[in-house]
Amino acid sequence: MLTDAAAARLRTLARRGYAPGGQPCYRFGELPEDETTAGGKARALARLVRAGHPVPDGLVLLPRAFAGDQLTAAAAAALNRQLRRFPADQRFAVRSSARSEDSASASFAGAYESVLDVAAADLARAIAAVRASGAAERVAAYASSSGAEVGELAVIVQAMVPAELAGVVFTVDPISGDLDSMLGSVVQGLGESLVSGDETGSPFRLARPSGAFEGPDVLAPHASALHGQAHRVETTFAGVPQDIEWAVAGDRLWLLQARPITTLNPWRTPTAERNDSLAGTCLWSATNLSEANPVAQTPLTISLSRYQQANGGPSMALRGREMAGFIGGRPYANLSVQITARRGKPGKADPREVYRTLAGWWGTLPDDVPIPLIPMTADDWKQAGLPLLGSLLRMSWAKLRLPAFLRGHRRLCDELLAAIVACRTPVELRKLWDGRLFTVSLRSFWAVIASGSDYPARLEAELRAQLGAEDASALLSNLAGYAGGLESLGPSEGLQQVRAGTLSRAEYLARFGHRGVNEAELAWPRPSEDPGWLDGELARDAGADIAERRHRQAEASAAVLARLGEHDARLARKVEQRVRKAARHARLREAVRSEGVRTTSVLRAFALRAGDLLGVADGVFLLTIEELLAALSGDTAPFAWLDQRRTSYQRYRDLPALPGLICGSFDPFAWAADPDRCTDIAGTAVPDRTVRTPESSPVISGHPGAVGRVEGTVRVLTDFDDAGQLRPGEVLVTPLTNIGWTPIFPIAAAIVTDLGAPLSHAAIVARELGIPAVVGCRDATSRLHTGDRVRVDGAAGTVNLLSPALSSPADRHRPS
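Numbering of residues begins from 1 in every chain and follows the order in which that chain's sequence is written. For a predicted model such as this one, the threshold for reporting local features is a pLDDT of at least 70, and the threshold for listing and counting side-chain atom pairs is 80 or more; totals across whole chains, interfaces and linings nevertheless cover every residue. With hydrogens and water stripped out, all remaining heavy atoms of the structure feed into the side-chain values.

> Is there a simple way to explain the packing of helix H21 (residues 546-567) against helix H22 (residues 569-614) in this structure?
Each pair of packed helices gets described by two things: the angle between the helix axes and the distance between those axes. One can describe the packing of H21 onto H22 by two numbers: an axis separation of 6 Å at closest approach and a directional angle of 145°. Across the interface between the two elements, Leu561, Leu564, Gly565 and His567 of H21 pack against Ala569, Leu571, Ala572, Val575 and Glu576 of H22. Gly is put with the polar residues, along with every residue not named as nonpolar or charged; the nonpolar set is Ala, Val, Leu, Ile, Met, Phe, Trp, Tyr, Cys and Pro, and the charged set is Asp, Glu, Lys and Arg. Here the residues of the contact of H21 with H22 are counted per class, giving 6 nonpolar, 2 polar and 1 charged. Between N-to-C directions, angles cover 0 to 180 degrees, with each direction set by a line fitted to C-alpha atoms, over the stretch in contact for helices. In this text, helices come from DSSP runs of H or I with a minimum length of four residues, and strands from runs of E with a minimum of two, each type numbered from the N-terminal end. Contacts are assigned to residue pairs with any non-hydrogen atoms lying within 4.5 Å of each other.

> Which parts of the structure should I look at to understand the pairing of strand E12 (residues 242-249)?
Working note: regular strand, side chains alternate between the two faces of the sheet. Note on classification: 1.4 Å probe, protein chains only; a residue is buried when its accessible area is under 20% of the maximum for its type, exposed when over 50%, partly exposed between these limits. A large share of E12 lies buried, amounting to 8 of its 8 residues. Across the two faces of E12 the burial is the same, with Gln242, Ile244, Trp246 and Val248 and Asp243, Glu245, Ala247 and Ala249 all buried. Paired strands, as defined in this entry, are two strands with at least two bridges between them according to DSSP. Of the strand pairs in this sheet, strand E8 (residues 165-170) and E12 are connected by 6 bridges, and their pairing is antiparallel. Note on E12: the bridge partner recorded for Leu165 is Val248. As judged from the 8 bridges shared by E12 and strand E13 (residues 252-260), these two strands associate in the antiparallel manner. Residue pairing in the sheet places Asp243 in a bridge with Arg259 of E13. Once E12 ends, the chain turns through 2 residues before running back antiparallel as E13, passing Gly250 with a positive phi of about 60°.

> Where do I start with the sheet that holds strand E22 (residues 681-682) in this structure?
The strands making up a sheet are joined through hydrogen bonds of the backbone, oriented either antiparallel or parallel. Strand order in the open sheet formed by 5 strands is E19-E20-E16-E21-E22, with mixed pairing between adjacent strands. Pairing within the sheet leaves two strands with one partner each, and these edge strands are strand E19 (324-327) and E22. Across 4 bridges, the pairing between E19 and strand E20 (residues 330-334) is antiparallel. Each bridged residue has a counterpart across the sheet, and for Phe326 the counterpart in E20 is Pro331. Running at roughly 25° to E20, helix H9 (residues 335-343) makes contact with strand E16 (283-285) and E20 of the sheet.

> Looking at this model, I keep getting lost on unusual backbone geometry. Mind explaining?
The bulk of non-glycine residues show a negative phi, and the bulk of peptide bonds are trans. Going from Arg208 to Pro209, the amide bond is cis rather than trans, its omega being 5°. In this model, Asp251 sits at a positive phi of 65°, which is unusual for a non-glycine residue. Note that Asp251 resides in the loop between E12 and E13. The exposed category is assigned to Asp251, whose relative accessible area is 66%.

So, in structure tokens, the structure goes:
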């Protein structure tokens, strides 16, 4: 007898279209969502039916319906009951549905048998034939080559559509990845010959989002319906590009199956490799993001940010495409998503004009680099509108809560660290995650995003236009003074305070021991974990006195204001008010970011504790967060992939610095192997670019970071571990900098970076210390070499090569 509660649960499931679990067969619309044994094809059909798509009626026989290749008596009886719903003369299609079939990583196209146009009386034989094909050699060969799991085979029985036209349509160009085109082929009659490759059919194209049709006349009457359904199918599957089989019978369009386009799959589970550039042509930027992520991130770090976004974190997603992505183990921002969102539903603004409003974050975009957009229909904007509005409202709330976040976060992190250490079993650690830790990490994520502001960059651009580059830079070179300090200067200033005896070693480590060159990476050991780290930092050459440099910048800023006041007192007051506002924005952004990194240190402690309790040590960082949480609850199956993942991760670590801009699909390993590679911009949608050399162009251009002109000798450093090679008065040329590099800034005569924008670390710190800087040069490290003599002009944003590497180290630095 069922309890009242169980009976009520069954009634609820029935109302939602689900049948009770444990049955040998289900109609598509009744298949439980968690019934993984139904296989990829059947689960996709069930999802289509639940979403209201025109799918021919059918059912799936699960593996438990079989004894060997034959139906059990109970399953045969259940099948017969289901068949009573169909007309007596109904013909059927019988197809396979394996666990990995029609998945993002493997289609198994043609590997299993399909039997078409089957009468009801012959179904048992057809079902057995399809079921037996699971043991075919071609299935094992495909699984071996693709690394896909075979598993037991389910069988689909579906009403046969007497097709007059049939075909396939890809919602995204499967070769180029272009999002603005659906491509397909059509044949007259059944589409099996097309799917099997016996016929190529007539090609057609559907433009997105308009639906404009190019193709054979026979398909024209159905083109609009096909475009609409294909677009909605992609929506049903969260924006994942789809390969759809369809048919037309009696002027009605039917969808026969849908599966992800395997060539556009960005994720490989066994190796935990993610390459979001493969999922369709978009514009990606690593500018600013790479500051906290200078090397490839581990699978745990990568998956954590995605997990947070999917479970209540800050999200800007259009048609399932998040703004945050990963390529070659590095974080990239999907600017196609951001620009499409900024243009909004009217879509009238020129994409390049929209990009210019974002240049403070992402730098300058070359004119020949395209800006692909996300194809959005009116319905898409309706669906996206509420989540985007919800994110904006929550962002506003998080911004209001930033002072409270800063007041209590350090103490809260200390409490969580103690709670992590106290966990004695995986179950206890999982409870801590579910009960407190994830909530705190999510709140911290919101705080970091909410604190972001491009106001200082926008103000600098306005002041440059109004007052000139020199005065604008001088005014904004004292933000730390107006704000009462900036966290980006904290580690360097703190070291000098420790040397002077005004700050204790313990307090220094408590304030800054979580910061460093790879602080966003969970696997990166924090400086405070190394007992000898602070001694090494104190022993490093301190360069010029930071307090003296800061005083000089404050005087320069005050002098500009005084000069303005002599001519227009009102203008001077207004400018000072705006500069002070920029200082408050900068201080808040940096303070919150520091506490956000403190949260990362707590999450690192959680991961290390999990690795100890699960017996995988640092292998824990090769798991995704979903796999780690499952392992804490007892599912350790992914541990079998750890060796593969360690090898893959090391391959990512061995890559050179990746291009700051990527448009289209990008293979980081093929790019790295090309001796003539373009180091600044790459991707299949980027026009061929001439690799620039010092001989072809002695002038390197970037963004003005901090004003000043200086001549000096270049020191190229691509890794902070080599920072000890920098000599006083040299020009530091590096892919990027972050807070871990700050202590060596006072040693350099100038700073030049490949990546960066007005809001990047190098620009902010160099400006505050009065060090000339040019950021975002894109390829300075490949065009300059240690020993080259250069002139750096921070106001113009240029670096001139004066002469190649000198044989003598003398006369390395001369102001000009």
